[in-house]
Amino acid sequence: MPKKRAPSRSRSAKSAAKPTGRGWALLFKVLLVALVLLLLGLLYMDATIRSRFEGQRWAIPAKVYARPLELYAGKALTAEALAIELKQLGYQQVGWPARPGEVQLQPGRVELISRGFDFADGKEPSRRLELRFANGQLQQLSSAGEALAVARLEPVLVGGIYPADNEDRDLVQLEQVPPLLLQALVATEDRHFYQHHGISLRGIARATWANLRAGRVVQGGSTLTQQLVKNFFLSSERSLLRKLMEAPMAMLLELHYDKNEILQAYLNEVYLGQAGSRAIHGFGLASQYYFGRPLEGLSVEQLALLVGLVKGASYYDPRRYPERAKARRDLVLSLLQQSGGIDQRAAHRAAQQPLGVVAKSSLTKGAFPAYLDLVKRQLRRDYRQQDLASEGLQVFTSLDPIVQSLAEQSLQTVVQRLRQRHGAAIKGLQGALVVGNSQTGEVVAVIGDREPRFQGFNRALDAVRPIGSLVKPAVYLAALEQPQRYTLISAIKDEALQLQNADGSVWSPNNFDHQVRGLVPLHQGLSHSYNLATAHLGMELGLPAVIDVLQRLGVRREIAPFPSLLLGSLSLSPLEVTQLYQTIAANGFETPLRAIRSVVSSEGQLLSSYPFELSQQFSPAAIHLLQYALQETVHEGTAKALYRRFPDSLNMAGKTGTTNDQRDSWFAGFTGDYLAVAWLGHDDNRPTPLTGSSGALQVWAELMAQLQPAPFETVAPADVSYQWVDPERGVLTGTGCPDARLIPFIVGSEPQRFSGCGIQGSVRRAQSWFSRLFAD
Amino acid sequence: MKIYASVQRERGLWRAAAAVGLLVLAGCAGQPGARVPVEERGYGAATFPAQPDAVATPAPVPAAAYERRPQAQRPEVAAPVLPAVVPAPVVSAPAAAGRYPGPAPVLLALIEQADNLQSQGDAQGALAQLERAQRIAPRDPQVYLQLARLRLHMGDRARAEPLARRGLSLSAGDPDLTRAFKALLAGLGR
């Protein structure tokens, strides 16, 4: 290294510096060597500067976006839900929206100016949007008086993937930057920026004079170029060597690059704030961080505030020290006025304005850690961590911030309610919740802890727990796939039986209520979650058939072929359970769950897309019959608590799950648009006082009450016919007979025997939900 | 005048060499300027957790009527109240299969946009618009018809087929749509 060798040579030069002929010659030689070394040093600095400046200058973290909110007439959306979204987007409420990012909220009517966004599939313009709401719907969407078929809001930025040094920035191009910002910056930091060649002797002289007068350091003499060099190429420690290198490097920089290039680099490099561990660099990100809008949209006093922060972002932090920040801002304004950037009136008016800094968005602090965790894991399969943290990738996800917020509230509300009822027995109770679109397989919300902000063990993905009765639909589906053998009214034995465990021991399961019913119709075995009937059915079918169905439903984990599987010894995470029920909700078409829609490069180029994929795994007829039984579960089975709370027309379908000693409380269910899986339990596997119905089901119900879901409307496939039957005797009956039910059959598997209404056999329940079908 | 940085950063000259390395890395994901083919991440890559290829089971797909229009009125959900009264059980019967009334205006707008992009040779752009439509109305058979046709146009028969089957399962009661899907599946040799 030249710097190391140079001092040792100069030491030898000193000792040899005697005025003799040989001495002069030696001195000359030494000076020559020093000159060569100096030149080498300069060349090295030069190479450093050029490679750093022209190479990739900054590591730009990947940005992770939520789904953009699609607006169109007929969309199920309330003005209140829109307000949640707009708040997360940092829209400001005003009386009359005049600039992008402003909104006027009125009951039933919202007017805003969107900011526009460059999506992977095209540019969404910034425009004025008028929205009218009624009956839980967006009724009308128009722009400047003209009806609009569809518009997208910009997506909420929900997080980033940061490099090790936690630097974050939004790159800006010089042309995007308001000229007043540049003027204010030059007037404040380096008045002769456009005249000097990297260092300013006048500046140094002026600073020295000012410091002498004040008796302390009040001014620095660094030019913008020197400041850039310091931050860009040199370490932050103060040393003489650094000081010595700063000036020649600044001059070299000026030699190679014009003022505009240097200024642009400066605008993106300068440190302007700190958000937790994340360092805010550059004016682009600072504008978003302090004002929630892009640089182009800032007023003169806001620009002046940002320029003021250059001197010391923590000392002049407008959120912590508003008075200091205002004094500094007003100084910048007066310097700007002196330089002719604004007139006196404008400067005066600007100085009257409040700071206008937005509250720190809750989103800056890792708002949705469990969802981001899922996104990161999916990204890591296709991208390297270093690229994610440095290439400025844009990641578009299907996260729905509205659903996510409501899901968080629901889990917290229910856990609190349960705590009041059960006290110490559920101390430390944990929970997880996964919400997806029941048809497209997109994951819209994930909660991995009862404290949704907590960034730790992500139970939605990593709590792999026995699923209990959630496994039963697979057993019944395996049966319903064989219509010649099984229908929904097939009689299933509900008697005591002995099963062999993995270790060879024998085990006798019981029904939850410890009753033995002899024979039960197949649909009731599922809707009432009878363990004995399910175990008998599963043993009749054989474990391989059940395992095959589980795999086709989407279970990718190895499944141990033991009878205990039939009652839910299989352990899965809530996300895996979501996959399983997704296939049931989507009529037997398996769609892999997705959190990411696309990844776009910093230049806006689509790098990868994760398209909608599906594969048919089951006949829609068999799934239709299964859905019938799962709807019955909600109507009269183990989940009928739901039925008391929601209108019948929602036709929800679902299944409760409870494991041995009530260690796990599960519920998986779906409506027309949402599929959600909730889990409650203790991390240390302690028993809880909760069943699936009294625990997880409550979370699910709370969420659905908030979401106002669409009804799950099934339509019978062509090879399914509905018949009035007496389910307990397995015969066809007349239409609407007192104890008859309308039950779907796969064509060809209907009962053949007919018996009129008159013959009444054993005592039956007076009413069944299906017999009332055509009652009115 | 200083640019303060509270985060300790080591920015020695040695990092200059690293900058050259970064240049190389920059080419890995960004590939500025070059028109790279978009990678469609399929099953194994996009799903979580790791999944081997799903085993498709060909099964006869009976027709079913489309299930829900995006503008369908949602039933009012009561505010969360603890259950006190047990209402009489009533359930709605499966809807009778009816004719497809045509796509909602929002879907029509997106389908038209997709058509335009496809005719300009931008199949990826068209796909993006149709997937937007599918997210808005995941049970609209017309959207599946467009998606299946686009996949076929892109030469992706493997993806076209299940889309057509799903669409067919949603278009019972509409002879025109049923015929269109059956013709598509016949063209796929299924």
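This section reports on the structure supplied with the text. (Residues numbered from 1 in each chain as written. Chains lettered and ligands numbered in written order. Predicted model: local features only at pLDDT ≥ 70, side-chain atom pairs only at ≥ 80, totals over all residues.)

Quick look at the overall build of chain B
The condition is simple: The secondary structure listing takes helices from DSSP runs of H or I that are at least 4 residues long and strands from runs of E that are at least 2 residues long, numbered from the N terminus. Burial in this document is a count-based property: other C-beta atoms within 10 Å of a residue's C-beta are tallied, and the residue is buried at 20 or more, exposed at 12 or fewer, or partly exposed in between, with C-beta positions derived from the backbone. C-beta atoms are first placed from the backbone for all residues, and any pair lying within 7 Å is then listed as a contact.
Check the secondary structure of chain B and you find 7 helices and 1 strand. Taken from the N to the C terminus, the helices and strands of chain B come in the order α-β-α-α-α-α-α-α. By residue count, 38% of the 190 residues in chain B fall in the buried class. If you take every contact in chain B between residues at least 6 apart in sequence, the share linking residues at least 24 apart comes to 59%.

Topic: the packing of helix H11 (residues 322-338) of chain A against helix H12 (residues 344-352) of chain A
Any two packed helices are characterised by how steeply their axes cross, that is the angle between the axes, and by the distance between the axes. Residues and elements named next belong to chain A. Applicable threshold: All axes are obtained by fitting lines to C-alpha atoms, using only the stretch in contact for helices, and the reported angles, taken between N-to-C directions, cover 0 to 180 degrees. An angle below 35 degrees is read as roughly parallel, one above 145 as roughly antiparallel, one from 65 to 115 as roughly perpendicular, and any other as oblique. For this classification, the nonpolar set comprises Ala, Val, Leu, Ile, Met, Phe, Trp, Tyr, Cys and Pro, the charged set comprises Asp, Glu, Lys and Arg, and every other residue, Gly included, is treated as polar.
Orientation of H11 relative to H12, taken along the N-to-C sense of each, is 170°, at an axis distance of 9 Å. Between H11 and H12, the crossing angle belongs to the class labelled roughly antiparallel. Mapping the contact onto sequence places Asp330, Leu333, Ser334, Leu336 and Gln337 in H11 and Gln344, Ala347, Ala350 and Ala351 in H12. Here the residues of the contact of H11 with H12 are counted per class, giving 5 nonpolar, 3 polar and 1 charged.

As for unusual backbone geometry
Unusually for a residue other than glycine, serine 529 of chain A sits at a positive phi of about 55°. By C-beta crowding, serine 529 of chain A is classed as buried, having 26 other C-beta atoms within 10 Å.

A look at the environment of phenylalanine 745 of chain A
Residue and element names in this part refer to chain A. The residue phenylalanine 745 is located in strand S34 (residues 741-746) in this model. Looking at phenylalanine 745, the number of C-beta atoms within 10 Å reads 20, which means it is buried. Taking the C-alpha atoms as reference points, phenylalanine 745 and leucine 461, separated by 284 residues in sequence, lie 37 Å from one another. Those residues in contact with phenylalanine 745 that sit more than four places away from it in its chain are Thr487, Val720, Ser721, Gln723 and Glu750.

Focus on the nonpolar core
All names here are of chain A. Rule in force here: Connectivity within a nonpolar core runs through C-beta atoms within 7 Å, and the core itself is a set of buried Ala, Val, Leu, Ile, Met, Phe, Trp, Tyr and Cys residues.
If you look at the biggest cluster of nonpolar residues, it comprises 197 residues, and the most contacted ones within it are Val395, Leu433, Leu626, Ala676, Ala678 and Trp700. With 9 residues, helix H22 (residues 620-636) is the largest single contributor of residues to this core. If sequence neighbours within four positions are ignored, leucine 626 has contacts with Pro473, Tyr476, Leu477, Leu480 and Ile584.

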